[in-house]
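# Topology and contacts: notes
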Amino acid sequence: MLLVLVCAPTAWAQEPDIVAEPLCFVVVNTAPWNVYGDFSTDYYTTPDGIRARHRSNFRLKAPGAQGGADRAEFCSYGPFLPGRKLHLTLRTLVPLFSCRTRVDAGPIVIKGERDADGNAKTWAECYE
């Protein structure tokens with residue numbers, strides 16, 4: 001599965017961090033359940049003055065699950081947050097975890113575990 005965050009050239013309020021060739025990266029789910037989330041770019045201002053950003057949703061199956069992928073490749077031209085980062089959010093119906101992660105430092109690994117009371121915790125190893 002390849003998802004691309006595309007940014008069309010527009011008039012910008014400030015100089016955005018957009019690259020000529022997309023930066024591609026892999027997300028791997030090692031949590032023992034399905035995970036849902038999204039990546040989003042930095043905000044930019046459209047020519048008509050609207051503040052916007054690009055977002056790409058994903059769903060990854062639990063490792064070894066039948067009929068689904070537990071990893072995905074993403075590519076983005078930006079605009080990136082400072083440090084060539086994108087915003088990552090993991091969620092169910094509500095956000096569970098979020099971070100700003102570099103996308104040029106290696107695979108982003110999603111992890112999960114249950115505590116002694118059976119409560120699930122899901123997070124990602126984000127790169128500063």
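Notes on the structure follow. (Residues numbered from 1 in each chain as written. Predicted model: local features only at pLDDT ≥ 70, side-chain atom pairs only at ≥ 80, totals over all residues. Heavy atoms only, no water.)

## Concerning the overall build of the protein
What counts here: Secondary structure is summarised from DSSP: a helix means a run of H or I of at least four residues, a strand means a run of E of at least two, and numbering begins at the N terminus for each. Summary of the burial criterion: residues with accessible area below 20% of their type's maximum are buried, those above 50% are exposed, and those between are partly exposed, where the area comes from a 1.4 Å probe applied to protein chains only. By definition, residues are in contact when any of their heavy atoms lie within 4.5 Å. Here the open area of atoms and residues is found with the Shrake-Rupley method and a 1.4 Å probe, where only the protein chains shown may cover a residue.
Within the protein, the regular secondary structure consists of 0 helices and 11 strands. Its helices and strands in sequence order give the protein the pattern β-β-β-β-β-β-β-β-β-β-β, from N to C terminus. Taken over 128 residues, the protein has a buried fraction of 37%. Within the protein, contacts between residues separated by at least 24 positions form 62% of all contacts whose residues are at least 6 apart in sequence. Total accessible area computed for the protein in this model is approximately 7,300 Å², and 50% of it derives from carbon and sulfur atoms.

## So, the environment of His87
We count it as follows: Think of a polar contact as two N or O atoms within 3.5 Å of one another; within protein, one of them needs to be a possible hydrogen donor and the other a possible acceptor, and neighboring residues in sequence only count if both atoms come from side chains.
As for its placement among the helices and strands, His87 is situated in strand 8 (residues 85–91). Counting along the chain gives 49 residues from His87 to Asp38, while the straight-line C-alpha distance between them is 8.1 Å. One polar contact links His87 to Thr89, side chain to side chain, over a distance of 3.4 Å.

## Some points on the nonpolar core
If you look at soluble globular proteins, the nonpolar side chains tend to sit buried side by side. Which entries qualify depends on this criterion: Here, nonpolar core means buried Ala, Val, Leu, Ile, Met, Phe, Trp, Tyr and Cys residues that are tied together by side-chain atoms lying within 4.5 Å of each other.
The biggest cluster of nonpolar side chains holds 20 residues, and the ones touching the most others in it are Phe25, Val27, Phe39, Phe58, Leu88 and Ile110. Elements supplying a minimum of two residues to this core: strand 2 (23–29), strand 3 (35–40), strand 6 (55–60), strand 7 (71–76), strand 8 and strand 10 (108–114). Beyond its immediate sequence surroundings of up to four residues, Leu88 is in contact with Asp38, Phe39, Phe58, Phe97, Ser98, Cys99, Thr101, Ile108, Ala124 and Cys126.

## Brief notes about the packing of aromatic side chains
Note the following rule: Under the pairing criterion, centres of Phe, Tyr and Trp rings, with the six-membered ring standing for Trp, must be within 6.5 Å; the plane angle then separates stacked pairs below 30 degrees from edge-to-face pairs above 60, leaving the rest tilted. Criterion for a charge above a ring: Lys NZ or Arg CZ within 6 Å of the ring centre, and within 35 degrees of the ring normal.
Per the stated rule, a full pass over the model turns up 5 aromatic pairs. Judged by centre distance (5.7 Å) and plane angle (35°), the rings of Phe39 and Phe58 are tilted. In this pair, Phe39 sits in strand 3 while Phe58 sits in strand 6, placing the two residues 19 residues apart along the sequence. Look at Phe39 and you get buried, because its relative accessible area is 0%. Chaining the aromatic ring pairs together yields one cluster made of Phe25, Phe39, Phe58 and Phe74. Sitting over the face of the ring of Tyr43, Arg51 holds its NZ or CZ atom 3.9 Å from the ring centroid. The residue whose ring lies beneath Lys121 is Trp123, and the NZ or CZ to ring-centre distance is 5.2 Å.

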